[in-house]
Amino acid sequence: MVQKDSYITEGSPYGIYKLRVEGLNLYYGTKQALKDISIKIAPNTVTAFIGPSGCGKSTFLRCFNRMNDLIENVTITGSVMVDDIDIYKNMIDVYQYRKKIGMVFQKPNPFPKSIFENVAFGLRINGESSKSVLQGIVESALRQAALWEEVKDNLNKSALTLSGGQQQRLCIARAIAVKPSVLLMDEPASSLDPISTAKIEELIYQLKDQFTIVIVTHNMQQAARVSDKTAFFYLGELIEFDKTDKIFTNPSKEATQNYITGRFG
Amino acid sequence: MNRIRIRSEKVIEWIMILCSLVSVLTTIGIILVLSVDAFKFFKEVPFVDFLTDTQWTPLFEDKHFGIMPLLSGTLLTTTIAILLAVPVGITIAVFLNEYASKKFTSVVKPLLEVLAAVPTVVYGFFALQFVTPLLQKVIPGLAGFNALSPGIVMGIMIIPYITSLSEDALRAVPKSLREAAYGLGANRFQTAFKVIVPAANSGIVVSVILAISRALGETMIVAIAAGQQPRLTFNPLESVETITTYIVQVSMGDVPQDSLEYRTIFAAGITLFAFTFLLNNISFWMRKKYQHRYE
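These numbers were taken from a predicted model, which means no experiment stands behind them.

A. Here's a closer look at the pattern of salt bridges. Applying the stated criterion across every chain, the model contains 26 salt bridges over all chains. For Arg62 of chain A, the salt bridge goes to Glu179 of chain B, with nearest N and O atoms at 2.9 Å. You can see Arg62 of chain A sitting in the loop between α1 (57-61) and β4 (74-82) and its partner Glu179 of chain B sitting in helix α7 (residues 175-183), one on each of two chains. Residue classification places Arg62 of chain A among the buried residues on the basis of a relative accessible area of 13%. With a relative accessible area of 9%, Glu179 of chain B lands in the buried category. Beyond isolated ion pairs, a larger network of salt bridges with shared partners links Glu139, Arg143, Glu149 and Lys152 of chain A.

Shown next as structure tokens:
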């Protein structure tokens, strides 16, 4: 796990790393799903998690916003630091904390509400009720998600009438409307067609300026296209974490080499 | 060989058609019987009188055939039941689905459904012998027979209908919506009431409509505890009579068949049938129209 100095962003208010994980273990009941994972992620970068199905990459992603709390019988040891605060310490208000971490899921999951209400949801549960404030934020979030032009005349239509690709961009808009600093994406394009996928990838590239993005993907070309650094997971372990270029051209571990050349997985 | 198989397929198909015809023919039969006698009734009593007269005294010397008193009794007891059962039933469903552990739910849900298995005659005596005296301590001057007590007990009876169907509807909401809400920083209460309940609303409304149908048709509880005095009132402290109670009263009594008095029960019956038929159609329509299509 070599850390390259060139990825340190200068002037970050929270030390040099946005996310810092040390010695993380995760158990479903007695089965260990993540083994002693340590990783450091710099702000305003895109990090891709790759690896075969069941390797723990999605489970690990969900540690960053404590989504695994929803599953019964999960035990976690080690520490997950976001902005140098350990989010698994009891002092944290998990609901408030999750507002800082946006998440986009594998399948688009808009609420069965209007397009407007979907994007406004995160603000409304925060107690924001001023129509003009909501309108402003909804518009800017939809613009950032490159969806505004397509939906601006139909904001009151049900979100379920949108196409899959539009729904996923709506979910991105919904996530960034609460102004998180980290954006977690769990295979955000895996259920979309190539054109929609290209749009999402374009978007990820643009959103990097404002967010620290972690993306789980099955698609290695996608990882190569969008990410600055790539982490390869296998059987619950972090095998290799390095610059994306290096992982795909000259990985230092044999398992990584085998996976990216398609010998298994 | 092949021919035998084709023939046996045909036989099975016919058996299935016959089975489904049983329910269809029963419904048609009921409508026919009700309509024929109700039609004869309306030949003697003008339909306008039936709807507008404020008294229902077919068995007395001075006969009046206004359905309003029976309807008000029915709607009054049903409204009391629904006002109790809907908030309690939905709250229990949300609690079981969103807050309670799986283990707790698996124990409590069957226990709750036992409520639906209690014979209604038992509920009737429970209302008359236990709930009414209890209420009389709180509300002085409450009549021994009143609409409030059977309404409350009927509400308790239909709680499991609402809870069970609503819980199914809540459980059918995809996990992904719950994750989306939590991911945006919603707490459990916000997730439950701003996302999960609205997403399950068609199923919840259907459960409420079915519960209303059940309350409208309920007979035993109101027959025992509401008294049998047709009275146009919306005061829950007075004694009332419902449509179902009246039908029981006449069909058990010594009113000669094929008389006008006897036919009143068909006129009352078809009114009740019209209500439940309408409600069932609304629930069917709601289910079709408002069901959110998830993959």
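Still more ground to cover, so stick around.
B. Summary view of the nonpolar core. Residues Ile39, Phe49 and Phe60 of chain A are the most contacted members of the largest nonpolar core, which totals 80 residues. At 9 residues, the largest contribution of residues to this core is made by helix α6 (residues 148-171) of chain B. The residues touching Ile39 of chain A, leaving out its near neighbours within four places in the chain, are Leu19, Arg20, Val21, Phe49, Phe60, Ala231, Leu238 and Phe241 of chain A. Counting 45 residues, the second-largest nonpolar core is a separate cluster that includes Val46, Leu162, Ala175 and Ile215 of chain A.

C. Focus on the domain arrangement of chain A. All names here are of chain A. The domain architecture assigned to chain A consists of domain 1 (1-100 + 180-265) and domain 2 (109-179). Each of domain 1 and domain 2 was reduced to a C-alpha centroid, and the two centroids are 26 Å apart. At the interface, 14 residues of domain 1 touch 14 residues of domain 2. Taken together, both faces of the contact between domain 1 and domain 2 bury some 1,200 Å²; the carbon and sulfur share is 66%. When the buried surface of domain 1 facing domain 2 is broken down by residue, Lys99, Pro180 and Leu203 rank first, second and third, together holding 41% of it. Inspection of the domain 1/domain 2 interface yields 0 salt bridges. Inspection of the region where domain 1 meets domain 2 yields 3 residue pairs in polar contact (both at pLDDT 80 or more). Secondary structure elements with two or more residues in the side of domain 1 that touches domain 2: β7 (182-186) and α7 (194-207).

Calculation criteria
Starting afresh in each chain, residues are numbered from 1 along the sequence in its written order. The naming scheme follows written order: chains are lettered A onward, ligands numbered 1 onward. Where totals are concerned, whole chains, interfaces and linings use all residues; where local detail is concerned, this predicted model gives features only for residues with pLDDT of at least 70, and gives and counts side-chain atom pairs only at 80 or more. For side-chain calculations, the full set of non-hydrogen atoms in the structure is used, while hydrogens and water are omitted. The term salt bridge refers to a pairing of a side-chain nitrogen on Lys or Arg with a carboxyl oxygen on Asp or Glu at a separation within 4 Å. Each helix is a run of H or I in the DSSP string that is no shorter than four residues. Each strand is a run of E no shorter than two, and both are numbered from the N terminus. Each residue is placed in one exposure class: buried if its accessible area under a 1.4 Å probe, protein chains only, is under 20% of its type's maximum, exposed if it is over 50%, and partly exposed if it falls in between. Buried residues of nine kinds, namely Ala, Val, Leu, Ile, Met, Phe, Trp, Tyr and Cys, make up a nonpolar core once their side-chain atoms join them within 4.5 Å. Contacts: residue pairs with any heavy atoms within 4.5 Å of one another. Each domain's limits were defined by an automated method or a database of domain assignments. Once two parts are brought into contact, the accessible area they lose, counted with a 1.4 Å probe and summed over both, makes up the buried area. Two N or O atoms form a polar contact when they lie within 3.5 Å of each other; inside protein one atom must be a possible hydrogen donor and the other a possible acceptor, and for residues adjacent in sequence the pair counts only when both atoms belong to side chains.

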